[in-house]
Amino acid sequence: GPSSCGAQFPALVDAGWQVFWPERHGHGHSPDVTQLFHYADMATETIAYLDEVVGGPAQIVGWSDGAVVGALVALARPDLVRGLVLVGQYYNSAGRAPGGILDALQSGDPDLLAFFKAEYADESPDGADHFEVVFDKTMAMITAEPEIDLGELSAIACPTLVMQGDKDEVTLDHGREVAAAIPDARLCVIPGSHLIPIEAAPQVNAAILDFLGDPATAQG
């Protein structure tokens, strides 16, 4: 939901960007409407949002699962993506760093589960009792997906910033390989964990704003 990237929103607005902040179904304030979660469906949903709400091409900033979605949108509809910022994400299981948040969730860490359940209950129209359904669907998705051959990313045609923490859910080797696979991509590594958009917001925001450039020319 918007709360997870709340530290980026004001920085982008203050810099003159018009910011659209869509929620995927089953996240934030948006109801859960599908039997299963798949990145491909989330990309289709995002493409519809760009077509119908934004009304044209945009710069896409995606963190974690949102980075997979952003990459899939850029591959499927290059006409809708002017630039791409991909934060803290692996694109196949070979790039997943061990010992991170996902491992803790899969092992059922009670404190982490309680944190996510409380955040979900605070926002979701489906009620706190639906958390287990969404959690199980999420874990099923991230256990099986994404499995994207990095060679496929070579078709991404827009300028791309690949960003991650130095101790993220994605390995540094994978981040370098992703940036090398995308023709017009740069890699930015910031000290921190998967939570750099929150923990290192000034550094993350500065890197994003530098990459995006002047909103007056980029949005025109």
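Let me sum up the structure you'll find in this document. Nothing here was measured: the structure is a model prediction, and the numbers come from that model.

### Here's the deal with the sheet that holds strand S4 (residues 185-190)
One open sheet holds the four strands; their spatial order is S1-S2-S3-S4, and the pairing between them is parallel. The open sheet has two edge strands with one neighbour each: strand S1 (58-63) and S4. Put simply, the sheet's adjacent strands are angled 15 degrees from each other on average, direction ignored. Pairing geometry for strand S2 (residues 81-87) and strand S3 (residues 160-165), over four bridges, is parallel. Within the sheet, the bridge partner assigned to Val-87 lies in S3 and is Met-163. Where helix H9 (residues 201-212) meets the sheet, it contacts S1, S2, S3 and S4, and its direction lies at approximately 170 degrees from that of S3.

### Structural notes on the environment of Ala-48
Counting through the fold element by element, Ala-48 comes out in helix H2 (residues 39-54). Distance in space between the C-alpha atoms of Ala-48 and Asp-129 is 29 Å, their sequence separation being 81 residues.

### Overview of the pairing of S3
Here is the key point about a regular strand: its side chains alternate between the two faces of the sheet. In terms of burial, S3 is a largely internal element, six of the six residues being buried. The alternating pattern of S3 places Thr-160, Val-162 and Gln-164 and Leu-161, Met-163 and Gly-165 on opposite faces, both of which are buried. Pairing geometry for S3 and S4, over six bridges, is parallel. Paired with Val-162 across the two strands is Leu-187, which belongs to S4. The parallel pair S3 and S4, bridged by helix H7 (residues 172-181), forms a crossover whose chirality is right-handed.

### Section: the pattern of salt bridges
All chains considered together, the criterion is met by five salt bridges. Across the pair Lys-117 and Glu-132 runs a salt bridge whose closest N-O atoms are separated by 3.2 Å. With Lys-117 in helix H5 (residues 110-123) and Glu-132 in helix H6 (residues 131-144), this pair connects stretches of sequence that are 15 residues apart. Classification of Lys-117 as partly exposed rests on a relative accessible area of 30%.

### Quick look at the side chain of Glu-145
Relative to the elements of secondary structure, Glu-145 occurs in the loop between H6 and S3. A polar side-chain atom of Glu-145 sits 3.1 Å from the main-chain amide nitrogen of Tyr-39. Aside from chain neighbours lying at most four places away, what touches Glu-145 is Phe-37, His-38 and Tyr-39.

### Description of the nonpolar core
One finds Val-73, Val-81, Leu-84, Tyr-91, Leu-153 and Ile-156 to be the most contacted residues of the largest nonpolar core, which totals 41 residues. Elements represented by at least two residues in this core include exactly H2, S1, helix H3 (65-76), S2, helix H4 (101-106), H6 and H7. In contact with Val-73, not counting residues within four places along its chain, are Ala-43, Thr-46, Ile-47, Leu-50, Ile-60, Pro-78 and Val-81. If you look at the next biggest cluster of nonpolar residues, it comprises 16 residues, including Trp-17, Leu-161, Ile-190 and Ile-208.

Cut-offs and rules
Residues numbered from 1 in each chain as written. Predicted model: local features only at pLDDT ≥ 70, side-chain atom pairs only at ≥ 80, totals over all residues. Heavy atoms only, no water. Pairing = 2+ DSSP bridges. Helix = DSSP H or I, 4+ residues; strand = E, 2+ residues; numbered from the N terminus. Axes fitted to C-alpha atoms, helices over the stretch in contact; angles between N-to-C directions. Contact = heavy atoms within 4.5 Å. Buried < 20%, exposed > 50% of the residue type's maximum accessible area, 1.4 Å probe, protein only. Right-handed = clockwise from strand over helix to strand, strands pointing away. Salt bridge = Lys/Arg side-chain N within 4 Å of Asp/Glu carboxyl O. Polar contact = N/O pair within 3.5 Å; in protein donor to acceptor, adjacent residues only side chain to side chain. Core = buried A, V, L, I, M, F, W, Y, C linked by side-chain atoms within 4.5 Å.

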